[in-house]
Amino acid sequence: MTKNQPIGIFDSGIGGLTVAKAISDLLPNEQLIYFGDTAHFPFGDKSEEAVKSYAEGIATFLLQQNCKAIVVACNTASALAESYLSAFLPKDVLLIDVIQPVAAFLNSSTFRRVGVIATKGTIGANVYPQKINALNPDIDVLSLATPLLAPMIEEAFFNNSISQSVINQYLSQDVLKNIDALVLGCTHYPLIETEVQQYYQQSGQVVAIVNSAKVVALAVQNQLLQLSLLSTNKTVNHHFYVSDYTDSFEKSTKVFFGNQLKLEKQNIWEG
Ligand code: DGL
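First things first, this report covers the structure right here in the doc. (Residues numbered from 1 in each chain as written. Predicted model: local features only at pLDDT ≥ 70, side-chain atom pairs only at ≥ 80, totals over all residues. Heavy atoms only, no water.)

1. Observations concerning the overall build of the chain
Along its length, the chain carries 11 helices and 10 strands. For 271 residues, the compact-globule estimate of 2.2 N^0.38 gives 18 Å, and the C-alpha radius of gyration of the chain, at 18 Å, lies within 12% of that figure. Counting only C-alpha atoms, the chain reaches 50 × 40 × 35 Å along its principal axes. In the chain, which comprises 271 residues, the share counted as buried stands at 56%. Across the chain, contacts joining residues at least 24 apart in sequence account for 79% of those joining residues at least 6 apart. In the structure as shown, the chain presents an accessible area of about 11500 Å², 50% of it carried by carbon and sulfur atoms. Seen as two clouds, the 17 positive and the 24 negative side-chain charges of the chain have centres 5 Å apart. (Helix = DSSP H or I, 4+ residues; strand = E, 2+ residues; numbered from the N terminus. Rg over C-alpha atoms; globule rule 2.2 N^0.38 Å. Buried < 20%, exposed > 50% of the residue type's maximum accessible area, 1.4 Å probe, protein only. Contact = heavy atoms within 4.5 Å. Areas by Shrake-Rupley, 256 points an atom, 1.4 Å probe, with all protein chains shown as cover. Lys, Arg positive; Asp, Glu negative; His and termini not counted. Charge placed at Lys NZ, Arg CZ, Asp CG, Glu CD.)

Laid out in structure tokens, this is it:
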């Protein structure tokens, strides 16, 4: 691997852009190749076999783009397909998921009752409690599947009274009572972070919101540094691919990357 090869990043849709943006802010010399598998969105309701096969197809595409590292910017794929991908990828390609860096962050924090909201796939796989408790058995992890949120966000349907009511409905569940931190365990959720904060402010609870995007970007920086693979590029030309074109994807990508963005349709699933 060489320093100036790109970093591949993928998700089922726009969620991974929250991670891509954090990486591009922290590491502006890195070229990013983003793949949003919009043809298969949402991953959160799919079987483990399906998510593994999507992840393998996307990783194969990113390897063809000569990526030195692959960031699984999707909690569902991190939960269901990370070990599969790690066995599948060549050993010199750095693989970074979005769950392990959050577990390490929580271990270094003082939080001891931590809520996690995520897709059904992520919660069902139980990977957050496993990874957090492997580092620190004293942290109570309280998990709640919130399957309506990612489709709502992918459609850019938030910051309105209906989204606030769906969010309130989920966050007021008993399982999340008396938490001191809430992990946004889906990369789509940073887009509703303000609404989540509003819920806690209005209900008078002090809960820290853990948004994994920055934590993951720092993990990418540390691991590339350790391998002497941080880029020295002076200018970078990111690429954003989707497996199926959607208007809402294009709008959301512009919010993050403005005019830098040219959306390219790449159906890796056909012929
Ligand atoms: N952004 C994804 C995650 O972090 C997946 C949402 C979905 O496709 O269901 O889990």
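2. Here's the deal with the pairing of strand S4 (residues 94-97)
Both faces of S4 are covered, namely the face carrying Leu94 and Ile96 and the face carrying Leu95 and Asp97. With four bridges joining them, strand S3 (residues 69-72) and S4 adopt parallel strand pairing. Paired with Ile70 across the bridge in S4 is Leu95. You can see the chain leave S3, run along helix H3 (residues 75-88) and come back into S4, and the turn it takes is right-handed. (Pairing = 2+ DSSP bridges. Right-handed = clockwise from strand over helix to strand, strands pointing away.)

3. Quick notes on the sheet that holds strand S8 (residues 208-211)
Overall, parallel pairing links the four strands, which are arranged S6-S5-S7-S8 in an open sheet. If you trace the sheet from one side to the other, it starts and ends with strand S6 (140-145) and S8, each paired once. Strand after strand, the sheet turns through a mean of 25° between neighbouring axes, direction not considered. Of the pairings in the sheet, the one linking strand S5 (residues 113-118) to strand S7 (residues 181-184) comprises four bridges and is parallel in character. Residue pairing in the sheet places Val114 in a bridge with Ala181 of S7. Relative to S6, helix H6 (residues 127-135) is tilted by about 165°, and along the sheet it contacts S5, S6 and S7. Helix H10 (residues 212-226) contacts S7 and S8 of the sheet and is inclined by roughly 45° relative to S8. (Axes fitted to C-alpha atoms, helices over the stretch in contact; angles between N-to-C directions.)

4. Considerations on the site of the ligand
Neighbouring the ligand are 14 residues, the closest being Ser12, Phe43, Gly44, Asn75 and Thr76. With respect to the ligand, the backbone of Gly44 contributes an N or O atom lying 2.8 Å from an oxygen atom. Note that an oxygen atom of the ligand is positioned 2.7 Å from one of the side-chain N or O atoms of Thr76. Protein contacts shield 99% of the accessible area of the ligand, which totals 300 Å² for the unbound molecule. The residue makeup of the shell around the ligand, split by class, is six nonpolar, seven polar and one charged. (Near = heavy atom within 4 Å. Polar contact = N/O pair within 3.5 Å; in protein donor to acceptor, adjacent residues only side chain to side chain. Nonpolar A, V, L, I, M, F, W, Y, C, P; charged D, E, K, R; others polar.)

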